[in-house]
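Per-entry structural report
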Amino acid sequence: MLAWIRAGALAALTLFATAADAPARTVRWAASGDPNTLDPHSQNVGTVTMVLQQIYEGLVTRNPDLSPAAGLATSWSQEEPTRWRFNLRQGVRFHNGEPFTAEDVVFSFARAQQPTSNFGIFVDTIDRAVAVDERTVDIVTKVPDPILPNKIISVYMMSKPWSEAHNATRPQNTRAREEMHTVRNTNGTGPYRLAAREPDVRTVMARSDAWWGWQGQQQGEQPVGNVTEIVFRPIASDATRIAALLSGEVDFVLDPPLQDLNRLRAASGTKVIEGPEVRTLYIVFDVFRDELLYSDVKGKNPFKDLRVRQALYHAIDIQAIHRTTMRGQSVVTGTLFPEQVNGYAREEDVRLPYDQAKARALLAEAGYPNGFSVALDCSNNRYINDEQICQAISAMWTRVGVRTSLKAQPLAPFFAQIQRDDTSVYMLGWGVPTLDALYSFQSLLASRGSAPGDGIWNFGRYSNLRMDELIARMKTESGPARQAAVREGLHLYREDVPHVPLHHQMIPWAVRANLSIPHAANNQPYFRWAVVN
Amino acid sequence: MFAFIVSRLLQALPVMLVVALISFAMFAYVGDPVAIMLGQDFTEAQREALVRDLGLDQPFFVQFARFVGNAAQGEFGLSYRLSRPVAELIAERAPATLELALCAAAMSLLVGVPMGVFTGLYRRSWLSRFFLTFSLIGVSLPTFLIGILLILIFSVWLGWLPSFGRGEVVQLGWWSTGFLTWGGIKALILPSITLGLFQLTLIMRLVRAEMLEVLRTDYIKFARARGLSDRAVNFGHALKNTLVPVITIAGLQLGAIIAFAIVTETVFQWPGMGLLFIQSVGVADIPVMSAYLLLIALVFVTINLVVDLLYYAVDPRLRVDRGASAGRA
């Protein structure tokens, strides 16, 4: 009883404290890119979600360690293999004052399922959402989907009446010549509401005191945030962004360049928050064509030979890349995804060792004692130091006899090229927004076209029937059977070497010394948990 | 005079068309906008629908003809990147670029001309030598380096001026201006210097060379012999005659300032048209890129026309020649 009273008094005190010094807690935040749209179901890219997740919420949300947490649904359960039941949080209101209802949930899922939405992968197994009553929604899936709650974290809830009133029941209208209302306006339920928006200049978000989650913070379930206003400004030039941080014009830089980190650590007014990102870089081989497009080997494809792939794996001195190119800011790996992803197995996270002699021997054994030539395709502005990594790998391969010419391009032409399968070997970085193994397996390793969404980023056209079977099991099974399928898939990935995995990216954030915020591996700052002193 | 304007306008049309064609043809190499719009996860059907909606499945010349037809009506379509009308985007960003270009041009004239006169008159003074050395820096250092140096000194070390953005702007109808607030004016200083430094040194060296030339002429000697004051000789007679080429160069450079504000705008995150263009290139936003290139071509063509007209007005010999040849015909 006494403890209960004390807790109550403490909560009242904290409430009073936050209310008293509320006005001055502004975080000025800078990153290189601006969100292209504020529509929550239009573009599935990090620069959009990093702003929208301050404003909108899904039925399921995340804890600071990114594990799923109760969001607009307080609890959920799999009633039948193809039916998930969600109990909605009561008393939630949108920022414009409308109450949040089961109808809004049904509407939002239907909206995210439209063909012009880029969020298809999160709702691909959903047949429909059904309002059971005011406070309950069922999601009926086409096939059993054990990881549905993980996937719908990315599906934000919109108000049905508001969307209809503004003629925004679709995520995008690529045919029309008019701007949709949702491109520059929002109406969410989240901790911050949009206060001002000038595209490419600034986006201001103000604390929504009515947010349900602030109470949970006071009760000690989660860190207590005190930020009342977020001002986001894109600053494209690396040097300018860092200068603005050093001069105190911004408080938080999401993407500081690696070469400035030491200076930022040493400077008195700034600090660096370190952490890993859920993004892995691979070298991917064309293992499909009978003759490579860009090589001097005619009449056969050397990458179809496992020994050649292994040789090129052995030839990469990943520690040198880690030390020199990445300045220590990478986590070297031998597997498909990092440990934050559900399904990760440490025993399978083993690399083929760096061994030039072994590489040469394997090449000779495969019938290429004098090596061959090949062109490596790379982006030069998509991943951290991507061009430098490829330069290093080209040199390492050339050293064992595989004469590698590098073609590094900006992301727009690079992605256009590899999406036409117009490549022999390329470097790809892959993030896992669902934090579940299936996302990577399905997009990168499934045979192309066997099911919707299968192999859509498998431009080396790797295909293994056993792998396809395992992926099919990952989609429908749950519990230990599913874990076993993932485990076997990871083992097969190591044996087949369709890729050479390189490392997981690190994403340091740079902040002014008076700001603290939990680092998130999805590179999304959650200002609800940020504290300004 | 009227016939002259009309003939110049008719000459401008093919120039604009060629610019449109070249820029449009270039876009085949900047990448596939569809791949970028679709993001990481999509189906083949989604992709085909988008290509059809954007009209990218049409042959090149059909796409081009439609673009020119729409552009002639001021209709540039919707930006792929921002899902907003291109005309609106450009109108929103034009004031930022124009104010910056104006400040840079004004600074380069107000500082460049006096410096040029000074170095022309007092060739051996140590200050002239300093100015000339300093002007070498302006010519030889790349713009982005000057910008970053200025940011380092005035923002990071001294903390006097903002390192990025336009500061506070005031909205006057559709025009947003930074001239009316202290923050807006402070934000203009560093980008204007960065953008105008090259023009400043160019004008200074031009004025100096012209002054040296003019001061050697007989009528200056004669004016001095008449006992006119130094001031009257230097400014009334010498400077006035050096200004004709200066005006020409300054006018033509204004177009360059507007067009090449791209680098300065990127360094200072100045929300103008150049920054919009750079961001559009990154994601192959064809409607914005083509509209921007057309607009820049239009700016150059217009400025050229105005300069030609100024010649016509300033230099009496042009008029006489034309009148005489017309009389003979």
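Residues numbered from 1 in each chain as written. Chains lettered and ligands numbered in written order. Predicted model: local features only at pLDDT ≥ 70, side-chain atom pairs only at ≥ 80, totals over all residues.

- In the annotation of an unreviewed UniProt entry, the entry for chain B reads ABC transporter permease, and the organism field reads Craurococcus roseus.
- Quoted verbatim from the Sequence similarities (unreviewed entry) field of the UniProt record, the comment on chain B reads "Belongs to the binding-protein-dependent transport system permease family."
- In its Subcellular location (unreviewed entry) section, UniProt records this for chain B: "Cell membrane". (UniProt positions renumbered as here; feature names shortened; annotations may be inferred.)

- Going by an unreviewed UniProt entry, chain A carries the name ABC transporter substrate-binding protein and comes from Craurococcus roseus.
- Taken directly from UniProt, the Sequence similarities (unreviewed entry) text for chain A runs: "Belongs to the bacterial solute-binding protein 5 family."
- UniProt, in the comment section headed Subcellular location (unreviewed entry), describes chain A in these words: "Periplasm".

1. Considerations on the packing of helix H16 (residues 465–476) of chain A against helix H17 (residues 479–496) of chain A
Residue and element names in this part refer to chain A.
- At a minimum axis separation of 9 Å, H16 and H17 run at an interaxial angle of 150°. Our classification of the angle between H16 and H17 gives roughly antiparallel. In this structure, H16 meets H17 at a crossing whose hand is left-handed. Contacts between H16 and H17 involve Arg-466, Met-467, Leu-470, Ile-471, Arg-473 and Met-474 from the first element and Arg-482, Ala-485, Val-486, Glu-488, Gly-489 and Leu-492 from the second.
- When the residues that make up the contact of H16 with H17 are grouped by side-chain class, the tally is 7 nonpolar, 1 polar and 4 charged. (Axes fitted to C-alpha atoms, helices over the stretch in contact; angles between N-to-C directions. Helix = DSSP H or I, 4+ residues; strand = E, 2+ residues; numbered from the N terminus. Parallel < 35°, antiparallel > 145°, perpendicular 65-115°, else oblique. Left-handed = near helix turned anticlockwise from the far one by under 90°. Contact = placed C-beta atoms within 7 Å. Nonpolar A, V, L, I, M, F, W, Y, C, P; charged D, E, K, R; others polar.)

2. Quick look at the sheet that holds strand E8 (residues 192–198) of chain A
Residues and elements named next belong to chain A.
- The mixed open sheet is built from 7 strands, whose spatial order is E8-E9-E10-E1-E11-E19-E12. Edge positions in the sheet fall to E8 and strand E12 (270–273), since each has one partner strand and no second.
- Two elements, strand E1 (residues 26–31) and strand E10 (residues 229–234), share 6 bridges in a ladder whose sense is parallel. Each residue of the ladder has a partner; that of Val-27, found in E10, is Ile-230.
- Most of the contacts of helix H2 (residues 46–55) go to E8, to which it runs at about 135°, and overall it touches E8, strand E9 (202–207) and E10. (Pairing = 2+ DSSP bridges.)

3. Let's talk about the interface of chain B and chain A
- The partner chain A presents 39 residues to the 42 residues of chain B that form the contact.
- Elements with a contribution of two residues or more to the side of chain B that touches chain A: helix H2 (33–38), helix H3 (44–54), helix H7 (143–157), helix H11 (261–267) and helix H12 (273–282) of chain B.
- Among the residues forming the side of chain B that touches chain A, the class breakdown is 22 nonpolar, 15 polar and 5 charged.

4. Let's talk about the sheet that holds strand E17 (residues 425–431) of chain A
Residues and elements named next belong to chain A.
- Spatially, the 6 strands line up as an open sheet ordered E14-E18-E13-E17-E15-E16, and their pairing is mixed. Each having just a single partner strand, strand E14 (330–332) and strand E16 (402–409) make up the two edges of the open sheet. Taken pair by pair, the neighbouring strands of this sheet meet at an average axis angle of 25°, ignoring direction.
- Pairing geometry for strand E15 (residues 372–379) and E16, over 8 bridges, is parallel. Each bridged residue has a counterpart across the sheet, and for Ala-375 the counterpart in E16 is Ser-405.

5. Observations concerning the domain arrangement of chain A
Residue and element names in this part refer to chain A.
- We note that the domain assignment places domain 1 (3–269 + 513–532) and domain 2 (277–505) within chain A.
- For domain 1 versus domain 2, the distance between C-alpha centres works out to 33 Å.
- The partner domain 2 presents 19 residues to the 14 residues of domain 1 that form the contact.
- The class makeup of the residues in the side of domain 1 that touches domain 2 is 8 nonpolar, 4 polar and 2 charged. (Domains from an automatic or database assignment.)

6. A look at the UniProt feature "domain: ABC transmembrane type-1" (unreviewed entry) in chain B
- Listed under "domain: ABC transmembrane type-1" (unreviewed entry) in the UniProt record, and renumbered for this structure, are residues 94–311 of chain B.
- Across residues 94–311 of chain B, helical content stands at 79% and strand content at 3%; the span's end C-alpha atoms are separated by 28 Å.

7. Remarks on the nonpolar core
- In this structure, Val-27, Phe-252 and Val-253 of chain A together with Leu-100 of chain B are the most contacted members of the largest nonpolar core, which totals 207 residues.
- Considering each element in turn, this core owes the most residues, 13 residues, to helix H8 (residues 182–215) of chain B.
- Setting aside its immediate chain neighbours within four residues, Leu-100 of chain B contacts Leu-188, Pro-191, Ser-192, Leu-195, Ala-261, Trp-270 and Gly-272 of chain B. (Core = buried A, V, L, I, M, F, W, Y, C linked by C-beta atoms within 7 Å. Buried ≥ 20, exposed ≤ 12 C-beta atoms within 10 Å, placed from the backbone.)

8. Let's talk about the pairing of E1 of chain A
Residue and element names in this part refer to chain A.
- A large share of E1 lies buried, amounting to 5 of its 6 residues.
- In the sheet, E1 pairs with strand E11 (residues 252–253) via 2 bridges, with the strands oriented parallel. Note that in E11 the partner of Trp-29 across the bridge is Phe-252.

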